[in-house]
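Chain by chain, the residues run as shown.
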Amino acid sequence: MAIRSPVINVMSNAALKAARGLNRDFGEVEQLQVSVKGPSDFVSSADLRAERVLKAELQRARPGYGLLFEEGGAAEGSDPHHRWIVDPLDGTTNFLHGVPHFSISIALERDGDIVAGVIYDPTRDEMYWAEKGAGAFLNDRRLRVSARRQLGEALIATGFPFRGRPKHPAYNATLSRVMEATSGVRRFGSAALDLAYVAAGRYDGYWEFDLSPWDLAAGLLLVREAGGFVSDLAGGQGMMTSGDVLAANGQLHLPLAALIKDAMRTEAIRTGA
């Protein structure tokens with residue numbers, strides 16, 4: 001049985017407490033689908049309620065740590081070395097439409113380095129967690145990325161940028177190329193869970209543009225601790241700044257990166273960008 005450190009216990013307990021409210025609110029959203037007004041305002045409130053619970057729990061356990069929340073923004077702490085990076089509801093659109101695929105993501109950053117991460121899927125009661133140097137786990141089971149070596153056999157996940165975003169045309173080109181080269185592409189709508197699924201070997205790889213630090217932080221550590229490789233689309237480690245990410249196992253990371261970069265280069269030549 002995996003032994004969770006005190007900081008992982010703090011993070012997972014906070015996620016479980018916030019998830020109780022999200023599950024209750026999700027049940028309400030499913031009922032609101034048939035109403036004329038719709039559930040949009042309700043979902044915004046559910047997101048903020050989850051944020052308040054997480055903030056209270058994390059500050060109570062580690063009162064000096066800084067905070068970076070999706071809704072609440074950044075707040076400095078008395079401890080300049082540590083910061084929580086939190087997405088209280090990753091997969092808001094799924095939640096809004098009554099689709100049971102969303103998550104809570106919590107990461108701990110120490111001096112700019114992600115050292116612990118938790119991603120919790122409330123509808124499946126799946127707690128993904130990792131600590132730097134200690135491995136990645138799903139509940140109490142050790143995680144390893146998949147062992148597939150051929151792109152043609154790989155199942156790849158992605159997320160679509162909003163229409164009108166600068167990288168939308170380039171993304172369409174990469175999607176077309178990856179679909180041709182692999183056994184399938186999935187778009188499930190929660191970047192945190194996409195990364196967790198790569199760590200768990202459910203997906204063989206994942207790429208996306210224009211993400212935020214709270215979408216990525218915990219998942220990046222999970223993939224690394226499960227033996228995978230994570231980079232930005234230029235092959236560097238600027239994911240938290242650029243928002244562009246490519247995650248895969250060791251055999252597929254380079255060929256997938258080459259495929260995506262070639263598709264983007266071809267599109268740039270075609271459009272004169």
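Basis of the calculations
Residues numbered from 1 in each chain as written. Predicted model: local features only at pLDDT ≥ 70, side-chain atom pairs only at ≥ 80, totals over all residues. Heavy atoms only, no water. Helix = DSSP H or I, 4+ residues; strand = E, 2+ residues; numbered from the N terminus. Rg over C-alpha atoms; globule rule 2.2 N^0.38 Å. Areas by Shrake-Rupley, 256 points an atom, 1.4 Å probe, with all protein chains shown as cover. Lys, Arg positive; Asp, Glu negative; His and termini not counted. Charge placed at Lys NZ, Arg CZ, Asp CG, Glu CD. Phe/Tyr/Trp six-rings, centres within 6.5 Å; stacked < 30°, edge-to-face > 60°. Core = buried A, V, L, I, M, F, W, Y, C linked by side-chain atoms within 4.5 Å. Buried < 20%, exposed > 50% of the residue type's maximum accessible area, 1.4 Å probe, protein only.

Trainee: Looking at this model, I keep getting lost on the overall build of the protein. Mind explaining?
Mentor: Secondary structure assignment for the protein yields 8 helices and 13 strands. For the protein, the C-alpha radius of gyration of 18 Å lies close to 19 Å, the compact-globule estimate for 273 residues. Accessible area for the protein stands at about 12200 Å²; split by element, carbon and sulfur atoms hold 52% of it. In the protein, which carries 30 positive and 33 negative side-chain charges, the distance between the mean positions of the two groups comes to 2 Å.

Trainee: I'm lost on the packing of aromatic side chains in this one. Help?
Mentor: The geometry of an aromatic ring pair is captured by the separation of the ring centres together with the interplanar angle, meaning the angle of the planes. For the structure on display, the rule yields 11 aromatic pairs. Summarising the aromatic geometry, the rings of Y171 and F209 are spaced 6.0 Å apart at their centres and angled 85 degrees between planes, so their arrangement reads as edge-to-face. Placement of the pair is Y171 in helix α4 (residues 168-181) and F209 in the loop between β11 (205-208) and α6 (213-225), with a sequence separation of 38 residues. Among the aromatic residues, those joined into a ring-pair cluster are Y128, F188, Y197 and Y203.

Trainee: Would you explain the nonpolar core in this entry?
Mentor: When a protein is soluble and globular, its nonpolar side chains tend to lie buried together. In this structure, I119, Y128, L143, Y206, L222 and V245 are the most contacted members of the largest nonpolar core, which totals 37 residues. Of all the secondary-structure elements, those providing two or more residues to this core are β5 (113-121), β6 (126-131), β7 (135-138), α5 (191-199), α6 and β13 (245-248). Counting 35 residues, the second-largest nonpolar core is a separate cluster that includes L67, I104, V115 and V118.

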